[in-house]
Each structure stands twice: as structure tokens, then as C-alpha cells.
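# Breakdown of the fold
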Amino acid sequence: YKVVSVQNGMYEVKLSWGKKAFVAGWLAEASNPENAILKDGSHYSFKDKIIVVDPGHGGNDSGTVGTNGTFEKDLTSATASLLKKKLEASGATVFLTRSNDQYVSLSNRVKMASLYNADAFISLHYDSSEQEHIRGITTYYYHSFQNPLAEALDQSFKNEEDLEVRDARFGDYHVLRSNSHPAVLLELGYLSNPEEEAAVTSLSYQSDIVRAVYNGLGKYYNLE
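To keep things clear, this report deals only with the structure shown in the data block. (Residues numbered from 1 in each chain as written. Predicted model: local features only at pLDDT ≥ 70, side-chain atom pairs only at ≥ 80, totals over all residues. Heavy atoms only, no water.)

### Looking at the overall build of the protein chain
The cut-off we apply is this: A run of H or I in DSSP counts as a helix once it spans at least four residues, and a run of E counts as a strand once it spans at least two, with each numbered from the N terminus. Our radius of gyration looks at C-alpha atoms and nothing else; its globule reference is 2.2 Å times the residue count to the power 0.38. Burial classes follow relative accessibility: with a 1.4 Å probe on protein chains only, a residue under 20% of its type's maximum area counts as buried, one over 50% as exposed, and anything between as partly exposed. When checking whether two residues touch, look at their non-hydrogen atoms; a contact exists if any pair is within 4.5 Å. Computed with a 1.4 Å probe, the accessible areas rest on the Shrake-Rupley method; for each residue, only the protein chains presented here act as cover. The charged-residue count follows a simple rule in which Lys and Arg add positive charge and Asp and Glu add negative charge, with His and chain termini not counted at all. Here the site of a charge means NZ on Lys, CZ on Arg, CG on Asp, or CD on Glu.
Scanning the protein chain from N- to C-terminus turns up six helices and nine strands. Over its C-alpha atoms the protein chain spans a radius of gyration of 17 Å, differing by no more than 12% from the 17 Å that the globule rule assigns to 224 residues. Viewed in the frame of its principal axes, the protein chain has a C-alpha envelope of about 50 × 40 × 30 Å. Expressed as a percentage of the 224 residues in the protein chain, the buried residues total 48%. A separation threshold of at least 6 residues defines the contact pool for the protein chain, and within that pool the share at least 24 residues apart is 74%. Element-wise, carbon and sulfur atoms account for 47% of the exposed surface of the protein chain, whose accessible area totals about 10,900 Å². The positive charge centre, built from 21 side chains, and the negative charge centre, built from 29, are 6 Å apart in the protein chain.

Next comes the structure, spelled out in C-alpha cells:
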């Protein structure tokens, strides 16, 4: 695709039928060095790190449904796919608890952390509230040994200018409570808020999320 401009780490490209679109800089390479985007945080190397990424819900469990019809299970899967590519490009070994639209029990998701002796377990979700104005990202942990990972990711989210972030907090979730590995559950935005639903489904927002998790893991592992 022809690069029209470079904006905030994104390539603006012209599609074959004349429309324009944006592609995250870390997902693509420009053939012309003048258009090349420096990969933010590309100094991190996660070689020898094993990370289990858990796309919440799946199969007959759709999770929450947004005001405009977005299924949480589809969005968590899309986010997980992007995150997997980003982490693998930096040397990590990444396992998904599900790679398609299937139901996986909570206990089996946790078992994968033990099976692969995960250095981190990251469960991805999107939130809902009866109050449509509620919005923001929340990072949850259960055990005290999971708190450092939660705090590192929470701070990294807060470093992103375009994300609204709530403080990391305790959450009594099975995938955290029954997990003997560093684990967090991320609620990445409210699908019950029409404006936030539109935002979270955009490539720009997804790129911000993935970059924040990547940078948070880099700080957690003291790779700076």
C-alpha cells in the first residue's frame, strides 16, 4: 500500500479502491526508509519468557454484548492475536488459551499456566455497566505476588495519552485466584458505553493496548 502519511506511530495508507486506512507501525514495515516508523519499545527482548494470553469467553459464552452489537468474545480474540504477534516479534513464546471461537473452562485456562510454567498469564476482557457513562481500563490481581505485574501494566496503561485508566485493584476471579503464576485480568474498556465501544474496536485503540502491555511487561521484567 502507498503510505500517505505517518501519524502517532501509525501508517496512513491508500487502499486499492481509493479509501484511506491506518496500520499500526509495529505491524508493518515501510519499504521507503523515509517513511519508516521507529518501533516504540523495540529494545525489549522477551527471549526465554513464556506468556499465556487468555482471550476471555468464547463459543456459547459470548461475554458482554456492546450497545452496537460488539461481542466481547470476538474482541478479546482480536486483541489476543495482536498481542501474540507483538510479543512473539520480541522473542517471547506465547500460548493462547483458545485460538478460535470455542468454549474453554476457567480451570483449563489456568492449567495452561502451569502446563507451560508461564512467566505471565494475561486474561483479556471488556467490561459492561448499567450506567452507560462508565468507561476506562482496569487491571485486576488476586494474590499479593501478582500485584507487581498488575502495577507495572497499570502504570504502562496510564503512560498512554489516549487511554482512560482506573487504578489496579483486587479481583476475585477464578483465573487469578487459582493461578500460582504471575497473572492479571484486564478489563480493557466498557462496551456498554457507546463512545468507548466505538473506540475499543478501532485499530488505534487496539495498538495502544498492545503497546502498553508490551511496555508494562518490559518494566516488570526490568529489561530497561
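After that view of the structure, there is still more to cover.
### Looking at the sheet that holds strand β2 (residues 10–14)
In a beta sheet, neighbouring strands are held together by backbone hydrogen bonds and run either parallel or antiparallel to one another. The line we're drawing: Pairing between strands requires that DSSP locate at least two bridges from one strand to the other. Axis geometry follows a simple rule: fit a line to the C-alpha atoms, using only the stretch in contact for helices, then measure angles between N-to-C directions, giving values from 0 to 180 degrees.
Read across the sheet, three strands follow the order β1-β2-β3 without closing on themselves; strand pairing throughout is antiparallel. The sheet is open, and its two edges are formed by β1 (2–7) and β3 (20–24), each paired on a single side. Neighbouring strand axes in the sheet, compared pairwise and without regard to direction, differ in orientation by 30° on average.

### A look at the packing of aromatic side chains
Each aromatic ring pair is described using two quantities: the centre-to-centre distance and the angle formed by the ring planes. Our working definition: Stacked, tilted and edge-to-face are the three classes assigned to paired rings of Phe, Tyr and Trp, where Trp is represented by its six-membered ring and a pair needs centres within 6.5 Å; plane angles under 30 degrees give stacked, over 60 edge-to-face, the rest tilted.
Tallied over the full model, the rule gives eight aromatic pairs. Between Phe46 and Tyr221, the ring centres sit 6.2 Å apart and the planes meet at 65°, which makes this aromatic pair edge-to-face. Taken together, the residues Phe46 in the loop between β3 and β4 (50–55) and Tyr221 in the segment after α6 (203–220) connect sequence positions 175 residues apart. Here Phe46 matches Tyr221 in class, with each residue buried.

### A few points about the pattern of salt bridges
Operational definition: One side-chain nitrogen of Lys or Arg within 4 Å of one carboxyl oxygen of Asp or Glu is enough to make a salt bridge.
The final tally for this structure, using the stated rule, is 11 salt bridges. A salt bridge links Arg177 to Asp172; its shortest N-O distance comes to 2.6 Å. The partly exposed category is assigned to Asp172, whose relative accessible area is 49%. As a salt-bridge pair, Asp208 and Arg211 come within 2.6 Å of each other at their nearest N and O atoms. Taken as a pair, Asp208 and Arg211 lie in helix α6 at a separation of three residues, close to a single helical turn. Residues Asp208 and Arg211 agree in their burial class; the two are buried.

### Focus on the nonpolar core
This is how the line gets drawn: Definition of nonpolar core: a set of buried residues of the types Ala, Val, Leu, Ile, Met, Phe, Trp, Tyr and Cys, connected through side-chain atoms within 4.5 Å.
Counting 37 residues, the largest nonpolar core has Leu87, Phe157, Leu186, Val213 and Leu217 as the members making the most contacts within it. For this core, the elements supplying multiple residues, two or more each, are β4, α1 (72–89), β6 (120–127), α3 (147–158), β9 (183–190) and α6. The element that contributes the greatest number of residues to this core is α6, accounting for seven residues. The residues contacting Leu87, other than those within four sequence positions of it, are Phe46, Ile51, Ala92, Val94, Tyr214 and Leu217. Core analysis: the second largest hydrophobic core is formed by 11 residues, Val52, Met112, Ala118 and Ala183 among them.

### Comments concerning α6
Inclusion rule: To estimate the expected span of a helix, subtract one from its residue number and multiply by 1.5 Å.
In this model, α6 (18 residues) spans 25 Å end to end at C-alpha, consistent with the 26 Å of a helix rising 1.5 Å per residue. Buried residues dominate α6, accounting for 14 of its 18 residues. Immediately beyond the C-terminal end of α6, within one or two residues, lies Asn222, with a positive phi of roughly 55°.

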